[in-house]
Amino acid sequence: MAFGRKKASVGPDLPSPSPSAETDRTLTTTVPYGSQDIPKPVLKRATRTRKAFAVLTSLCLLVSVVFMVLVEIGNTYDRKVLTDIYFLRIDLTNVVPSAVPNARLLNSIARSLGLHDFYTAGLWGFCEGYNDEGTTFCSKPQTLYWFNPVEILLNELLAGATIALPAELITYLNILKTAYQWMFGFFLSGTCLAALLIPLTPLSVFSRLTTLPIALFTFLAALLITAATVLATVMFIIIRNAVTGVAALNIGATLGLEMFVFMWIAAGFSLVAALVQLGLCCCCASRRDVRTGRKRGSRKAWEGAGLAPPPGVVAEKKSSSKEGRSVFGRKKAEV
C-alpha cells in the first residue's frame, strides 16, 4: 500500500487548481449580508441618504423655531426691531373724519384726552405710541394674553371720557378672546415641541422603530404651528375689516407684514420637516435594515469596500454570468 501511494505520486502531474484572484478576494473580504459583522464605514455609507434627509429635517425644524421665536418676542419690549413685529396696528391719528367740521381740532382734543396715535397687537401684549415719537410704551408680557381694543382705549381715556366704537367690533370680542388664547397655546406648544425634536431627528438613521414616534411628534409640531398661523391670519383679517368698516369713525387698521411673513415661513418649514420625516418611515435604508438584511442601502458602499453586494437583482445577474462561464469551461475541458 505504501508503494502504491508512491507510485501514484510519480504519475503524470496534473495542474492543481489554484483559486483565482477574484475568488481569493471574495473569500477574504466578503461579509455575509444581514450579519452583525458589517464594517462600520460600509454601514455609514450605505445609510448616507437616510442621514442626509434626517439632517434636513433638523435644519427645517431649526429654521421654523428661529422664525417662531421672532413671532414670540415680537411687540414685547420697546425696541425698534421688536416693535416692528406685530399682528395688527390700529391707527387713531385721524379718528374724526376730515369731512366733519373742525376735524383737526377734534383729533387734537382726542389726543389730549389720552388717546395715542397707534396701538399694535402682539402675542404677549400690546404697544402704543405717537407718529412723531414712535413707540412710547409696551405692556408687560402676559401669558394667554388677548388683544382687547375696547378695554385698552377706555383705559387710555381720562376719567369720564368715552369714545364710540364699532358695534361689530364689540360683537367679535368674545370670539376674539377664545381664538387669541388658542392661537397663543398652539404657537407656544408647537415652538417648544419643534425645538425638542431638533436633536432627536438624527436618531431616525438607526431604526424605523425610532423614526415612527419622531415622525408623529414632528407632524404634531407642524400641525400646531400651521393651525396657529391659519387662525391668526383669519382672525386678524376679520378684525381689520371690522375696525375699518365703519364710516362714522376714521379708524385705520393694517396687518403686520413682518409678523405674517415669519409665521408662514415657520409653518412652511415645519411642514417640510414633517413630510420628510414621514417619508423616512418607508423610504431609505436604516442601519438596522442593513444589519438585518431587509435592505442593502447604497450599492456604492459595498462596491467601494470590495465586498460582495447583497442579494438582489444586480447580484443575481452577476452570479448567473459566472455560472455560464464556468459551465462552458468544464465542457471545453471534457472535450
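Residues numbered from 1 in each chain as written. Predicted model: local features only at pLDDT ≥ 70, side-chain atom pairs only at ≥ 80, totals over all residues. Heavy atoms only, no water.

The name recorded for the protein in an unreviewed UniProt entry is SUR7 family protein pun1, from Cryomyces minteri.

A. The arrangement of the UniProt feature "transmembrane region" (unreviewed entry) in the protein in detail. Feature annotation in UniProt places "transmembrane region" (unreviewed entry) on residues 52-71, 179-200, 212-239 and 259-286, given in this structure's numbering. Helix makes up 100% of residues 52-71 and strand 0%. Its end C-alpha atoms lie 29 Å apart. (UniProt positions renumbered as here; feature names shortened; annotations may be inferred. Helix = DSSP H or I, 4+ residues; strand = E, 2+ residues; numbered from the N terminus.)

B. Quick peek at unusual backbone geometry. The backbone of Asn75 sits at a positive phi, close to 65°, despite the residue not being glycine. Structurally, Asn75 can be placed in the loop between helix 4 (48-73) and helix 5 (80-83). Using a relative accessible area of 1% as the deciding quantity, one classes Asn75 as buried. At Leu144, a residue that is not glycine, the phi angle is positive and equals roughly 55°. Tracing the backbone through its elements, the reader meets Leu144 in the loop between strand 4 (134-138) and helix 7 (149-156). (Buried < 20%, exposed > 50% of the residue type's maximum accessible area, 1.4 Å probe, protein only.)

C. Structural context of the packing of aromatic side chains. Evaluated as defined, the whole model comprises nine aromatic pairs. For the pair Phe126 and Phe137, a centre-to-centre distance of 6.4 Å together with 65° between the ring planes defines the contact as edge-to-face. With Phe126 in strand 3 (residues 126-130) and Phe137 in strand 4, this pair connects stretches of sequence that are eleven residues apart. Residue Phe137 is classed as partly exposed on the basis of its relative accessible area, which comes to 40%. Each residue in the set Phe87, Tyr145, Tyr180, Phe236 and Phe260 is aromatic and connected to the rest through ring pairs, giving one cluster. The side chain of Arg89 reaches across the aromatic face of Phe118, ending 4.0 Å from its centre. (Phe/Tyr/Trp six-rings, centres within 6.5 Å; stacked < 30°, edge-to-face > 60°. Lys NZ or Arg CZ within 6 Å of the ring centre and 35° of its normal.)

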